[in-house]
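Architecture at a glance
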Amino acid sequence: MNQVRPKKFLGQHFLTDLKIASDIADTVDACPAIPVLEVGPGMGVLTQFLVKKSRPLKVVEIDRESVPYLQEHFPELDGKIIEADFLAMDLNAVFGGQPFVLTGNYPYNISSQIFFKMLEYKDLIPCCTGMIQKEVAERMAAAPGSKTYGVLSVLMQAWYDVEYLFTVHEHVFNPPPKVKSAVIRMTRNKVSELGCDEQLFKQVVKSTFNQRRKMLRVSLRQLLPAKSSFFTLHSSLLTRRPEQLSVQEFIDLTNLLEPELRSDHAAPPITA
């Protein structure tokens, strides 16, 4: 078997530049001595460098054409190729509950879903690296006040330190994507508890950014009745827009909202 055909419906763009592949593989060294799980190895351009590292490695691949290619070209992965949909996996079972680094040249069409999945297993994944669409990487690493700061920025930065490492141009892929790519690294921060209701925190972040150009007093009407005293008690805060709030300020806002939402007069929370 010589080649694997890139499949549009899987969002596959195979990296062809070996120097860049080596540089991506080296990003896992920030979290040494623990296993690595690679998502979407394709033809193994990144895998060939990961297998040289002295640590356990498994790969998960949904493409039925890629699996036999990997079996043929990487005999050292015997028994370590998981043919599955990463988004449907129980990540506790991958290394027997042992923490691991997540890495890969992630499919553009599900990259955000991959990271939301990672958040569900944040205590199992102390480090995540890899390549994604440049626009998504910029959103994840954005600071408050930036035009790219949004839901993904807040939810990821609540639990991880996000580093935008370098940009990758279109011509080093087969087929070339229509956008630039970027390599990122996310390292688990020291937060073990947010200090607020986590589900409500996510809901507040999503609800306010649904109307990111509006002041909080407008976007929060999705959660609170129009006559709630909250709007008068916290009027100065509510003149701000969601993109101006830090992660900690979203936590503080969540704590301010929680007693209001638990009262008999509060509107039922939406599920964004």
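Higher on the page you've got the structure.
The notes below deal with the structure included here. (Residues numbered from 1 in each chain as written. Predicted model: local features only at pLDDT ≥ 70, side-chain atom pairs only at ≥ 80, totals over all residues. Heavy atoms only, no water.)

Within the protein, the regular secondary structure consists of 10 helices and nine strands. Taken over the C-alpha atoms alone, the protein extends approximately 65 × 40 × 30 Å along its principal axes. In the protein, which comprises 272 residues, the share counted as buried stands at 49%. Charge-centre separation for the protein: the mean point of 31 positive side chains lies 7 Å from the mean point of 30 negative side chains. (Helix = DSSP H or I, 4+ residues; strand = E, 2+ residues; numbered from the N terminus. Buried < 20%, exposed > 50% of the residue type's maximum accessible area, 1.4 Å probe, protein only. Lys, Arg positive; Asp, Glu negative; His and termini not counted. Charge placed at Lys NZ, Arg CZ, Asp CG, Glu CD.)

Our next topic: the packing of aromatic side chains. Applying the stated criterion to the full structure yields five aromatic pairs. With 6.1 Å between their ring centres and 70 degrees between their planes, Tyr 149 and Phe 209 make a pair best called edge-to-face. With Tyr 149 in the loop between α5 (134-141) and α6 (151-157) and Phe 209 in helix α7 (residues 198-209), the pair connects residues that are 60 residues apart, well separated along the chain. Across the pair, exposure class does not vary: Tyr 149 and Phe 209 are buried alike. Ring geometry for Phe 230 versus Phe 231: centroids 6.4 Å apart, planes at 90 degrees, classification edge-to-face. Accessibility assignment for this pair places Phe 230 and Phe 231 in one class, buried. By way of ring pairs, the aromatic residues Tyr 149, Phe 209 and Phe 250 are connected into one cluster. The side chain of Lys 58 reaches across the aromatic face of Phe 95, ending 5.3 Å from its centre. Across from the ring centre of Phe 231, 4.4 Å away, lies the NZ or CZ of Arg 221, which sits over that ring. (Phe/Tyr/Trp six-rings, centres within 6.5 Å; stacked < 30°, edge-to-face > 60°. Lys NZ or Arg CZ within 6 Å of the ring centre and 35° of its normal.)

Once that is clear, we can look at helix α10 (residues 247-262). Residue pairs spaced three or four apart in an α-helix point in one direction, given the helix's 3.6 residues per turn. The terminal C-alpha atoms of α10, which comprises 16 residues, lie 23 Å apart, in line with the 22 Å expected from a rise of 1.5 Å per residue. A maximum bend of about 25 degrees is found in α10 at Leu 256, where proline Pro 259 lies one to four positions downstream. (Expected span 1.5 Å × (residues − 1). Bend = angle between axes of the 7 residues up to and from the residue.)

Note that the residue after Asn 174, namely Pro 175, is joined by a cis bond; omega there is -10 degrees. Inspection of the secondary structure puts Pro 175 in the loop between β8 (173-174) and β9 (181-188). Of note in this structure, Ala 33 is not a glycine but carries a positive phi near 70 degrees. Turning to its location among the elements, Ala 33 is positioned in the loop between α1 (18-26) and β2 (36-39). Residue classification places Ala 33 among the exposed residues on the basis of a relative accessible area of 72%.

Across the sheet, seven strands lie side by side as β4-β3-β2-β5-β6-β9-β7; this open sheet has mixed pairing. Of all the strands in the sheet, the pair left with one neighbour each is β4 (81-83) and β7 (160-168). Neighbour to neighbour, the strand axes of the sheet diverge by 20 degrees on average, direction disregarded. Two elements, strand β6 (residues 127-133) and β9, share seven bridges in a ladder whose sense is antiparallel. Across the sheet, the residue bridging to Met 131 is Val 183, located in β9. (Pairing = 2+ DSSP bridges. Axes fitted to C-alpha atoms, helices over the stretch in contact; angles between N-to-C directions.)

Okay, the pairing of β6 next. Summarising burial for β6: seven of the seven residues are buried, a large majority. Here two bridges tie strand β5 (residues 101-104) to β6, and the two strands are oriented parallel to one another. Looking at β6, one finds that Leu 102 is bridged to Cys 128. Chirality of the crossover, the property in question, places the unit of β5, helix α4 (residues 111-120) and β6 among those that are right-handed. (Right-handed = clockwise from strand over helix to strand, strands pointing away.)

Along β5, one buried face is formed by Val 101 and Thr 103 and the opposite face, lined by Leu 102 and Gly 104, is buried too. One ladder, built from four bridges, connects β2 with β5; its direction is parallel. Each bridged residue has a counterpart across the sheet, and for Val 39 the counterpart in β5 is Gly 104.

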